[in-house]
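Residues per chain, in single letters:
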Amino acid sequence: MISRPAPRPRADALSKATGTERYALDQAPAESLWAGAYRPGAALGLAHAQVLGLDEASVRAALAVPGVLRVLTAADVPGTNRQGIIHKDQPVLCGEVIRHMGDPVALVLAESAPALRHALALLRADLRPLPAVFDPEQALKKGAPLLHPEHKGGNLLLGARIEKGNAREALKNAPVVLRGEFSTPVQEHAFLEPQGGFAQITPDGLLDMTVSTQAPFRDRFEIGHALGLNPLHIRVRAPYLGGGFGGKDGSTAQCLLGLAALHAKGRPVRLAWDREESILAGYKRHAVRLRYTVGAEKDGTLLALSCRLVYDTGAYAHLGGEVMELGMEHAAGPYRIPHVRIEGRCVYTNNPIAGAFRGFGVAQTCPAFEGMLDALAAKLCLDPLALRRKNALRRGDENPCGVRLSSSVHLVECLDTLAAHPLWTTRRDWRAAAPPFTRRGVGLAAVFNGMGYGRGLPDMAIAKVEFTEAGEFLVYNAVADMGQGNAAAFALLAAQELNQQAGAIQLIQPDTERCHPSGSSSAGRTTYTYGNALLKACGAMRRKLISRAAMPLLADELDSLELIPGAVRHIPTGRVVPLKLLAGYLTHDDRVCVAEFLMPVAQNPPNTGRDFLIGFPHLIFAHAAHLARIEVDELTGRVRVCDYLAVTDGGKVLDRCCFDQQAQGGAAQGLGYALTEDFQLREGRILTGDLSTYLLPTALDVPDVLSLAAEGDEETGPHGLKGVGEVGINGPGPALAAALEDATGTRPHQLPYTPERVLALLGARGSSRKRRRA
Amino acid sequence: MNVLFPRTRAELFQTLAEPGARVLAGGTDLLVRLRSGRETAAALVSLDKIPELRGISETGGEGLGRGLRLGATTTHTELLAHPLVRARLPMLAQALSELGSPPIRNMGTLGGNTCTASPAGDTLPPLMALGAEVELASARPHGAGTRRLPLAEFITGPGRTALAPGEVLAAVHVPLPGAGWMQHFEKVGRRNALAVAVVSLAALLRTERGGTVAEARLAWGSVGPTVWRCPEAEAVLVGRRLSLTALGEAAAVVRAHVKPMDDVRASADYRRTVAGNLLLRLVAL
């Protein structure tokens, strides 16, 4: 049995539950100016257009509004006016062309929010329509309108291939061959706190920003490049985020905010996207089309997999190529397959910008490879769980990309835990007891998610811990906490390593001036990489305090001393020197310990995936097995998720409460992706532009998600843990599809599984009178 | 923007006479429309402090004409908590329990839901099936200052009502169905809370001994510009028991007559299918 200790409150629980936590915009000085972007495409119904300029009369009218200070255009942007994390292709303000309906062409500075709103409503842009393209496969055809004519590949941002063995030959000879096509939609991050922050040019010329960001250190370089500033003259502070999920990885409002500050004559400026602007201009999950062919032996042993994936990256690259890379790396599933060929194309269109999103390209592939596994199980009359268990990757295996898995792999244990659970073992009786007009179905999925940046981009963190004058400890968290609980995990790790009460550890949130560069809050790396660095820094601090206490305790052997809560103790005599006293003996420099950690990478990487600039391959993966029990209403196609179980392999569990919250939050967001979040686009226009039409699941739509741990030990992790922030979102898409297939007899191949699509699965009208599937 | 809080009927009509003044009840619809800029107001006149517009009272004597007067500013939460609403108007209670979310139900009012006159207004199909009437108040001298209209005549189109300028909805009068009436309401939304109805059905049926339908009143939401009735389907059911066969026939009649719209929430086809399908649920009554 898995023991479940009483949950311990997270370090940030009380302040967030009581509403006292101060997010970026809560800290803006009252006298701040207001800045806001003018995005004309949506109002004019233009997703691709030449910018001829702003209508001069409208600019005069806007400037005549009392309190309106400036109307800035591309001509006012110093520097390259190009933002982007790797590909710098996105204008801060568009001076020549808008490439999607949310592109900004002007930025207004005003004394108040009403003045800003008024001015934005008065502005008019002179736009000349350009031919547009909204379908990624159309965009690759000859003669398609080009979004970035200067880009060598035309609308193809990146085409790439991962190959192992000879999939074509193996598929030719495989006893069983199955094909399938799948598609997954755009998903909106819909964090509670939309993008924004405030900024000011300080008297000594520093651009000082407090923003809602996942990557404060890297932001400096992106902003500096776009605005022509020395990145080291930019200070970014990243207080707790009200959600990120990848949507705040890279500049969102930062470049616009920096531009506003440059024109604010030293006054602080705030910039806040409202929900509509967040949906219009924010980054989304890539919509993907997937075409699969799988070959197997008659006993279900997988022989070969070939697939082609098309990612729609929208108007700009953001991390499109990298997102596709990770998706491709996972496209064959967590299975042993000797022959693999994965082709991917990431394509520019005039749709909204796609970028990083929890499950980074992987959440899109899971419904596909798991759909193929279920199709194979059905074809061969095998138990879907047994089929997965038979092919599941284990430690020491070579994965589908050719990487020898020297890291911890506990997918089989996840599946075994699921198989033993009553929600699985009682499924037949439960299914048979369906009430009138109701079909019941049970489905499962095996999923995984790589951790860290992958080869080619050092995944490093530098932790700093300070022993304060008061004899307490200050941890300089350098990786933004967007709600996932890493800051709380750091406080816990430090308390354990320093043998102190939790209350003796204080946290500083990321600040490029006070903390050391430690990478972004992303890729399931945060607690792993920074946590490892922090353990080293705390270990050094412990040894230091013991050695500094040797003199006052007159101990000539350090082994005779130990750090205890609030003091260093001489074990043989029991004498102590209180930390508060000890702190007084130490200079400031001596009260600080810094240590770094670099994530290990795959050795002898396979000779494939050469098209990827960085990030291929990964070495360490979190795994999970998910189970869903659902009811489908025959009259309406509505789906009720009755029970949900997530069994997660995240190495050793450091904090059960945070671990469960990640599994539950991931499952809830994945259920939204699978069921209710129906992002609709027509010719580049977002039809679901607010939260009354883009429907997140509510508390009444998500069941209590039962989270279990298949605890292993990742030897390279801090206390054996792996990152579990992403894997949870990958399960619901395939698990719900499997449950729907079980309930209706037909598998949906297109997310989300809306009532309308589910009713179609049931055979629509009069279905209730059809004979039920045996 | 000014928000005014008149305390009497006289003050109310005085403040409403100001140019650009608009009536504010719970604000759950109006504030959204004002924020989006689709509508404007020079001042908001809140009905919140006028006691006679709020609360639930019994009207009529024993027997015929017995009903409830539901004050226009009574919140959905208050209606839901009322024992007579729960016991005698379960179809309305069901609709109220699925309307918005707890915070919306705490603010939103029955009068607001009625005057918004949305095709998807959750309380409207049950009120229509129940034969509700509205009580309208205006500044005209006593007696002439109040008129009553059937709800079906009050709502004239999506977002449109028969409210005359300067007139305010004071209450909704709902007759209480006697013994022998069965009530049913179902809302189909895209999620379980904070959902706009894609289709809804309110059914009020009187059966005789043996389960034969003597009278049927069916009202659908979200399948037309206003609440939609289908006398042809009602006629199919009268004189028959609520068997799957009879209900299936009525459902086919519904699908043949209903003319729903496509929108971001559902296609016309889906609405048509489901508008019929929902009748099959009555087999369980």
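Predicted model, so just to flag it, every value in this text is computed and none were measured.

**What to know about the domain arrangement of chain A**
All names here are of chain A.
Step number 1: Once the domains are mapped, chain A shows domain 1 (13-130 + 195-272), domain 2 (284-453 + 606-769) and domain 3 (460-598).
Step number 2: The straight-line distance from the C-alpha centre of domain 1 to that of domain 2 is 36 Å.
Step number 3: Counting from both sides, the interface comprises 19 residues of domain 1 and, opposite them, 21 residues of domain 2.
Step number 4: Counting the surface lost from both domain 1 and domain 2, the interface buries some 1,600 Å², and carbon and sulfur atoms represent 57% of this.
Step number 5: Our enumeration of links across domain 1 and domain 2 arrives at 0 salt bridges.
Step number 6: Residue composition of the side of domain 1 that touches domain 2, grouped by class: 8 nonpolar, 7 polar and 4 charged.

**What to know about helix α12 (residues 384-391) of chain A**
All names here are of chain A.
Step number 1: Every buried residue of α12 is accounted for by Leu385, Leu387, Arg388 and Asn391. Down the axis of α12, the buried set is contained in an arc of 160°. They therefore lie on one face.
Step number 2: For α12, the secondary structure elements touched by its buried residues are β18 (302-314), α11 (366-380), α13 (411-420), α14 (422-425) and β20 (438-450).

**Considering unusual backbone geometry**
All names here are of chain A.
Step number 1: Of note, the bond from Phe616 into Pro617 is cis; its omega dihedral lies within 30 degrees of zero at -10°.
Step number 2: By secondary structure assignment, the location of Pro617 is in the loop between β27 (592-598) and β28 (621-633).
Step number 3: With an omega dihedral of -10°, the bond running from Leu751 to Pro752 counts as a cis peptide bond.
Step number 4: Here Pro752 is to be found in the loop between α20 (732-744) and α21 (755-761).
Step number 5: A positive phi angle is found at His318, which is not glycine, with a value near 40°.

**Notes on the sheet that holds strand β29 (residues 639-649) of chain A**
All names here are of chain A.
Step number 1: Pairing is mixed across the open sheet formed by 4 strands, whose spatial order is β20-β28-β29-β32. Because the sheet does not close on itself, it has two edges, and the strands there are β20 and β32 (705-709). Direction aside, neighbouring strands of the sheet carry axes that sit 15° apart on average.
Step number 2: Pairing of β29 with β32, which is carried by 5 bridges, proceeds in the parallel orientation. Across the sheet, residue Tyr644 finds its bridge partner in β32, namely Val705.
Step number 3: The sheet contacts of helix α10 (residues 320-330) involve β20 and β28, and relative to β20 the element is tilted by about 110°.
Step number 4: With respect to the sheet, α13 is in contact with β20, β28, β29 and β32, its orientation differing from that of β28 by roughly 30°.

**So, the interface of chain A and chain B**
Step number 1: Chain A puts 29 residues into the contact, and the matching count from chain B is 24 residues.
Step number 2: In this assembly, chain A and chain B are joined by 4 salt bridges.
Step number 3: The partner of A:Glu276 in a salt bridge is B:Arg35, with the nearest N and O atoms 2.7 Å apart.
Step number 4: Connecting chain A to chain B are 14 residue pairs in polar contact (both at pLDDT 80 or more).
Step number 5: The element contributing the most residues to the side of chain A that touches chain B is α21(A), with 3 residues.
Step number 6: Residues that form the side of chain A that touches chain B fall into these classes: 9 nonpolar, 10 polar and 10 charged.

**Side note on the pattern of salt bridges**
Step number 1: Tallied over the full model, the rule gives 62 salt bridges over all chains.
Step number 2: A salt bridge links A:Asp633 to B:Arg281; the nearest nitrogen and oxygen atoms lie 2.6 Å apart. Here A:Asp633, found in strand β28, pairs with B:Arg281, found in the segment after α12 (268-280), and the two come from separate chains.
Step number 3: Of the residues examined, A:Asp633 reaches a relative accessible area of 12% and is grouped as buried.
Step number 4: The residue B:Asp269 makes a salt bridge to B:Arg272 at a minimum N-O spacing of 2.8 Å. Highlighted residues: B:Asp269 and B:Arg272, both in helix α12, separated by 3 residues, approximately one helical turn.
Step number 5: Classification of B:Asp269 as exposed rests on a relative accessible area of 51%.
Step number 6: For B:Arg272, a relative accessible area of 23% corresponds to the partly exposed category.
Step number 7: In the salt-bridge network here, residues are joined through shared partners; they are A:Asp135, A:Glu137, A:Glu181, A:Arg289 and A:Arg291.

**Observations concerning the environment of A:Ala368**
Step number 1: Relative to the elements of secondary structure, A:Ala368 occurs in helix α11.
Step number 2: Beyond its immediate sequence surroundings of up to four residues, A:Ala368 is in contact with A:Phe182, A:Leu290 and A:Tyr292.

**Brief notes about the sheet that holds strand β15 (residues 269-272) of chain A**
All names here are of chain A.
Step number 1: In space, the 7 strands of this open sheet follow the order β3-β7-β1-β15-β12-β13-β14, with mixed pairing throughout. Both edges of this open sheet fall to β3 (68-72) and β14 (234-237), since each of them pairs with a single strand only. Across the sheet, the axes of successive neighbouring strands diverge by a mean angle of 20°, strand direction being ignored.
Step number 2: Across 4 bridges, strand β13 (residues 207-211) lies against β14 in parallel orientation. Residue pairing across strands places Thr210 opposite Arg237, the latter belonging to β14.

Conventions used here
- Residues numbered from 1 in each chain as written.
- Chains lettered and ligands numbered in written order.
- Predicted model: local features only at pLDDT ≥ 70, side-chain atom pairs only at ≥ 80, totals over all residues.
- Heavy atoms only, no water.
- Domains from an automatic or database assignment.
- Contact = heavy atoms within 4.5 Å.
- Buried area = accessible area lost by both parts, 1.4 Å probe.
- Salt bridge = Lys/Arg side-chain N within 4 Å of Asp/Glu carboxyl O.
- Nonpolar A, V, L, I, M, F, W, Y, C, P; charged D, E, K, R; others polar.
- Buried < 20%, exposed > 50% of the residue type's maximum accessible area, 1.4 Å probe, protein only.
- Helix = DSSP H or I, 4+ residues; strand = E, 2+ residues; numbered from the N terminus.
- Arc of directions from axis to C-beta.
- Pairing = 2+ DSSP bridges.
- Axes fitted to C-alpha atoms, helices over the stretch in contact; angles between N-to-C directions.
- Polar contact = N/O pair within 3.5 Å; in protein donor to acceptor, adjacent residues only side chain to side chain.

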